[in-house]
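The lines below spell out each chain.
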Amino acid sequence: MKVVKNISEVKNIVNEWKQQGCTIGFVPTMGYLHEGHGSLVVKAMENSKVVVSIFVNPMQFGPTEDLDKYPRDLEKDSKYCKELGVDLIFNPEPGEMYPEGYCTSVDISGLSEELCGLSRPVHFKGVCTVVNKLLNIVNPDKAYFGEKDAQQLAIIRRMVKDLSMNVEIVGCPIIREKDGLAKSSRNTYLSSEERRAALALSKSIFAGKDMVKEGCREVDILLKKMKDIINEEPLARIDYLKAVDAMTMQQVDTIDRPVLIAMAVYIGKVRLIDNFSFIPG
Ligand code: AMP
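In this text the structure is predicted, and so the values were computed from the model without any measurement.

Novice: Even after reading the chapter, I still don't get the UniProt feature "binding site: beta-alanine" (unreviewed entry) in the chain, so can you show me in this structure?
Specialist: As recorded in UniProt, the feature "binding site: beta-alanine" (unreviewed entry) lies at Gln 60. Relative to the helices and strands, Gln 60 is located in the loop between strand S3 (49–54) and helix H3 (74–84). Given a relative accessible area of 8%, Gln 60 falls into the buried group. In this structure Gln 60 touches Met 30, Glu 65, Arg 120, His 123, Gly 126, Val 127 and Val 130, once residues within four positions along its chain are discounted.

Novice: Could you clarify how one ought to interpret the UniProt feature "active site" (unreviewed entry) in the chain in this entry?
Specialist: Following the UniProt record, the feature "active site" (unreviewed entry) maps to His 37 here. With respect to the element layout, His 37 can be found in helix H2 (residues 35–44). Using a relative accessible area of 15% as the deciding quantity, one classes His 37 as buried. For His 37, the residues in contact, after removing those within four places along its chain, are Thr 29, Gly 31, Tyr 32 and Ser 185. A polar contact of 3.0 Å, which involves the side chain of His 37, links it to the backbone nitrogen of His 34.

Novice: In this structure, what is going on with the sheet that holds strand S5 (residues 142–146)? I would like to understand it.
Specialist: Note on sheets: strands pair through backbone hydrogen bonds, and any given pair is parallel or antiparallel. With respect to topology, six strands assemble into an open sheet ordered S1-S4-S3-S2-S5-S6, the strand pairing being parallel. The sheet is open, and its two edges are formed by strand S1 (2–4) and strand S6 (168–172), each paired on a single side. This sheet shows a mean twist of 25° between the axes of neighbouring strands, independent of strand direction. Pairing of strand S2 (residues 24–29) with S5, which is carried by two bridges, proceeds in the parallel orientation. Bridge pairing in S5 places Phe 26 opposite Ala 143.

Novice: What is the right way to read the domain arrangement of the chain from this model?
Specialist: Interface size is commonly expressed as the accessible area that is lost once the parts come together. In terms of domain boundaries, the chain breaks down into domain 1 (2–172) and domain 2 (185–276). One C-alpha centre belongs to domain 1, the other to domain 2; they are set 26 Å apart. On the domain 2 side, the residues contacting the 23 residues of domain 1 number 18 residues. Together domain 1 and domain 2 conceal approximately 1,700 Å² of surface at their shared face, both sides included; 55% is due to carbon and sulfur atoms. The tally of links from domain 1 across to domain 2 stands at one salt bridge. Taken together, the links from domain 1 to domain 2 amount to nine residue pairs in polar contact (both at pLDDT 80 or more).

Novice: Whenever I open this one, the sheet that holds strand S8 (residues 259–267) confuses me. Can you help?
Specialist: Taking strand neighbours across the sheet as the criterion, the three strands line up as S7-S8-S9 in an open arrangement whose pairing is antiparallel. Single-partner strands in this sheet number two, and they are strand S7 (236–245) and strand S9 (270–278). Across this sheet, the average inter-strand angle for adjacent strands is 15°, counted without regard to direction. Here S8 pairs with S9 via nine bridges, running antiparallel. By the bridge assignment, Ile 261 is partnered in S9 with Phe 276. Against the sheet, helix H9 (residues 199–213) touches S7, S8 and S9, its axis set at about 15° to S9. Against the sheet, helix H10 (residues 219–231) contacts S7, S8 and S9, and its axis sits at roughly 160° relative to S7.

Novice: For this particular structure, what's the right way to read the nonpolar core?
Specialist: Where a protein is soluble and globular, its nonpolar side chains tend to be buried together. Judged by nonpolar contacts, the single largest core of 48 residues is most densely connected at Val 10, Trp 17, Met 97, Val 131, Leu 135 and Ile 169. Counting only elements with at least two residues in this core, the list comes to helix H1 (7–19), S2, strand S4 (88–90), helix H6 (123–138), S5, helix H7 (150–162), S7 and S8. Residues from two domains meet in this core; each of domain 1 (2–172) and domain 2 (185–276) gives at least three. Apart from the residues lying within four places of it in its own chain, the contact partners of Trp 17 are Cys 22, Ile 24, Lys 49, Val 51, Asp 87 and Leu 88. Formed by 30 residues, the second largest nonpolar core is a distinct cluster that contains Ala 198, Leu 223, Ile 255 and Val 270.

Novice: Got a minute to help me understand empty space enclosed by the protein in this structure?
Specialist: Think of a ball as big as a water molecule: rolled over the atoms, this probe shows where empty space is left. By the definition in use, this model includes one cavity of 30 Å³ or more. One number sums up the size of the largest cavity: a volume of about 40 Å³. In terms of lining, the largest cavity is formed by Val 27, Thr 29, Leu 33, His 37, Gly 38, Val 41, Val 52, Tyr 80, Cys 81 and Leu 84. Of all the secondary structure elements, the ones that give two or more residues to the lining of the largest cavity are S2, H2 and H3. Residue composition of the lining of the largest cavity, by class: seven nonpolar, three polar and no charged.

Novice: When you look at the packing of aromatic side chains in this model, what are you seeing that I'm missing?
Specialist: Describing an aromatic ring pair means giving the distance of the ring centres and the angle of the ring planes. For the structure on display, the rule yields three aromatic pairs. Ring centres 6.0 Å apart and planes at 75° place the aromatic pair Phe 61 and Tyr 70 in the edge-to-face group. Consider the rings of Tyr 98 and Tyr 102, whose centres lie 5.0 Å apart with planes at 75°: the pair is edge-to-face. Here the aromatic cluster, defined as three or more aromatic residues joined through ring pairs, consists of Phe 55, Tyr 98 and Tyr 102.

Reading guide: rules and limits
Residues numbered from 1 in each chain as written. Predicted model: local features only at pLDDT ≥ 70, side-chain atom pairs only at ≥ 80, totals over all residues. Heavy atoms only, no water. UniProt positions renumbered as here; feature names shortened; annotations may be inferred. Helix = DSSP H or I, 4+ residues; strand = E, 2+ residues; numbered from the N terminus. Buried < 20%, exposed > 50% of the residue type's maximum accessible area, 1.4 Å probe, protein only. Contact = heavy atoms within 4.5 Å. Polar contact = N/O pair within 3.5 Å; in protein donor to acceptor, adjacent residues only side chain to side chain. Pairing = 2+ DSSP bridges. Axes fitted to C-alpha atoms, helices over the stretch in contact; angles between N-to-C directions. Domains from an automatic or database assignment. Buried area = accessible area lost by both parts, 1.4 Å probe. Salt bridge = Lys/Arg side-chain N within 4 Å of Asp/Glu carboxyl O. Core = buried A, V, L, I, M, F, W, Y, C linked by side-chain atoms within 4.5 Å. 1 Å grid on protein atoms, 1.4 Å probe; cavity = no way out; pocket = protein on both sides within 12 Å on 5 of 7 lines; lining within 4 Å. Points joined across faces, edges and corners; volume = space filled by probe spheres on them. Nonpolar A, V, L, I, M, F, W, Y, C, P; charged D, E, K, R; others polar. Phe/Tyr/Trp six-rings, centres within 6.5 Å; stacked < 30°, edge-to-face > 60°.

Below, the structure written as C-alpha cells:
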C-alpha cells in the first residue's frame, strides 16, 4: 500500500491501473479512521483497486469550528487501511489541494441551506468543492459515502447528477457502537460523562424509528417524542431535529414520501449528528 501526498502521482498510478483494466473504488475521509470508515472500505473492495483519501479539508470548517483540534493519526490510519487491503492512501497537504491563487468553489443551493447548512453556512460549499476535486484526481468508477452524513450524501448525489459526473455514488449504512452511539471521529472529544449523555441521540433515533414502523405519520407527534428523549438529558442541547424530504431536504409535516429524520445535538461543546430514513410502503 502506498501513501501519496502529490496529486500528479495519484493520477499516474490510477491511469496505470485503468490501462490494466482495473476498476477503482474511492473512499474520501478526514482520517482518524474507525469502523464506520472501515465499512465503506470493505464495500469498496468490490472494485479491483481501493483508494482512500485522508484530508482534513480547511474549506469545510467555519472560522469558529474545530479545524485545528480535529483528531489526526496518519500512522494508525495507514495501519488500519493496510489491514483492510487498501491499495493507495492519498494524504495531501492543504497547499497541494489549494495552492496560492486557488479561487474556485462548487456551491449547491437549496439542499445545502437546510439542517447542518443552517448552523454551518460554509460547510457544504467546502464539501462539494473538495469532493469534486478529489473525484477529478482519483477518477474512480464508484465513490462510497456514509448515511451517517445523510445530507452530505444527498448533496453529493445531486452534484454528481447536475454536473454529469462519471462516477457512481454508493451510500453505506450507519455503523454504531455496541450501545447505539453512531461511530464518529468526534466521539473522541467526549468526556466519560458526555459519552454516556451522548446516548440520548441514538435512544431518540431508535424510538423514532419504532414509531414510524408502528405507523406514526404525523411529524409533530414523532418529533415531540424524539425531542423529549433528548431533553431528558441535561448535558444535551438540540441544534436541530427535523423531518425533511429525503431528496430536497425541505421540511415535511406528514410522512407520505421518503423522508430523512435528522438531528444535530450538542453534548457539552461537542456537536454530534445522527439520523434515520424511512420510505413509506
Ligand atoms: P469523515 O472522515 O467524518 O469525513 O467521514 C468520511 C466518510 O465516512 C463519510 O462518507 C461519512 O459519512 C462516513 N462515516 C463516518 N462515520 C460513519 C459511520 N458511523 N457509519 C458509516 N459511515 C460513516
